[in-house]
Amino acid sequence: MLTWEATGVGSHPGEDHLEATRVVFGEVPGLPYLPELPARGVGADLIGRTAGLLVDLPVEVRPSGWRLSDRPGRDHQRAVDHLRRDLDGLEEIGDGYSGPLKLQVCGPWTLAGAIELKYGDKMLADAGAVRDLTASLAQGVADHCAEVRRRLPGVTEIVLQLDEPGLPGVLAGTVPTASGFGRLAAVEGWRVEESLRLFEAPVVHCCAPAVPFGLLRSAGVRGVSVDASLLRRRDEDELGEAVEAGIVFFLGVVPGTDTRIADVGVVAKPVTELWRRLGFPAERLAGQVVLTPACGLAGASPRYAREALAACRKAAQVLRDDPESQDG
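Cut-offs used in this document
Residues numbered from 1 in each chain as written. Predicted model: local features only at pLDDT ≥ 70, side-chain atom pairs only at ≥ 80, totals over all residues. Heavy atoms only, no water. Helix = DSSP H or I, 4+ residues; strand = E, 2+ residues; numbered from the N terminus. Buried < 20%, exposed > 50% of the residue type's maximum accessible area, 1.4 Å probe, protein only. Contact = heavy atoms within 4.5 Å. Lys, Arg positive; Asp, Glu negative; His and termini not counted. Charge placed at Lys NZ, Arg CZ, Asp CG, Glu CD. Salt bridge = Lys/Arg side-chain N within 4 Å of Asp/Glu carboxyl O. Axes fitted to C-alpha atoms, helices over the stretch in contact; angles between N-to-C directions. Parallel < 35°, antiparallel > 145°, perpendicular 65-115°, else oblique. Nonpolar A, V, L, I, M, F, W, Y, C, P; charged D, E, K, R; others polar.

1. Section: the overall build of the protein chain
Step number 1: Of regular secondary structure, the protein chain possesses 12 helices and 8 strands.
Step number 2: The principal-axis extents of the C-alpha atoms in the protein chain amount to approximately 60 × 45 × 35 Å.
Step number 3: For the protein chain, the residues scored as buried account for 55% of the 328 residues in total.
Step number 4: Expressed as a percentage of contacts within the protein chain between residues at least 6 apart in sequence, the contacts between residues at least 24 apart total 71%.
Step number 5: Of note, the protein chain has its 35 positive side-chain charges centred 3 Å away from the centre of its 46 negative side-chain charges.

2. Notes on the pattern of salt bridges
Step number 1: Inspection of the entire model under this criterion finds 24 salt bridges.
Step number 2: Two residues, Asp88 and Arg151, come together in a salt bridge whose shortest N-O distance is 2.8 Å. Taken as a pair, Asp88 in helix α3 (residues 74-93) and Arg151 in helix α5 (residues 127-151) lie far apart in primary sequence, 63 residues in all.
Step number 3: By relative accessible area, Asp88 is classed as partly exposed at 39%.
Step number 4: The salt bridge involving Arg277 is made with Glu236; its shortest N-O contact spans 2.9 Å. Here the residue Arg277 occupies a position in helix α10 (residues 264-278), and Glu236 occupies one in helix α9 (residues 236-244), the gap between them amounting to 41 residues.

3. As for the packing of α9 against α10
Step number 1: For the pair α9 and α10, the least separation of the axes is 10 Å and the interaxial angle reads 85°. Regarding the angle of α9 to α10, the classification is roughly perpendicular. The residues of α10 that touch α9, namely those facing Glu236, Leu239, Gly240 and Val243, are Leu274, Trp275, Arg277 and Leu278.
Step number 2: A breakdown of the residues in the contact of α9 with α10 according to their chemical character gives 5 nonpolar, 1 polar and 2 charged.

Structure (structure tokens):
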């Protein structure tokens, strides 16, 4: 039986990494994670933070965004420094912790659609560059996970989340070129599947519509993280096949920005209704569903970020203790 219950997507508001980490360990103790604080600026954003993990592929910031460079420079170092401070904080707050831990990095396809080659278009335009990027990222992520295990020896398993908000656009051929005047060619599904297999059973997070559930299942991912409000009835056949295959669903059920949070029963209801439509027994739900905010919490207030995580945990406990309570 899955014991994770609830967790967060990754990003938090503000610049206090120690406080963000305390909130995470306090509110979602079943599956805490290393929070990201993009408000700190260059190198703390989704792309820059992950680019700092790349092996032998240094990057820099240009007016158009992140770009490959000849050698590590100031921007690369900022990303490395942010992550080092975050790991120091994780080691301090997580001292003595025993259990699973989630780490988030930008996935290879969203990264390839954001980083430009030294002279020319985005890396996504060059299949060879994407292969190099994916291999570099896989090695960097493995090194990152190893360092976390050294710092927190009580971690029993690392749940790796690949953030791929750009994946539907990559598959549909809607990613703009560097100039913005054209669109990059659609990428074949088999290439995406092949790349995801380089990472050990990841959870793929995609808060955009048209999540490719069938492709992710074929790629052997461990879980899929989505905004539950974006799920469509026509997704349900693929969702059912994924559940049957044992994939864990991280379902975003609480808005990511400040609002009045509904009662836990109301928060949990869309999940039980979906589960009932899929036709699976209620007692199986808690073993394959983890509740999260709809997306990252970077745009929320610190108070709301804490409340959102707490609401996810409480709603998950409702599902675990009485999975049929919302039926009818």
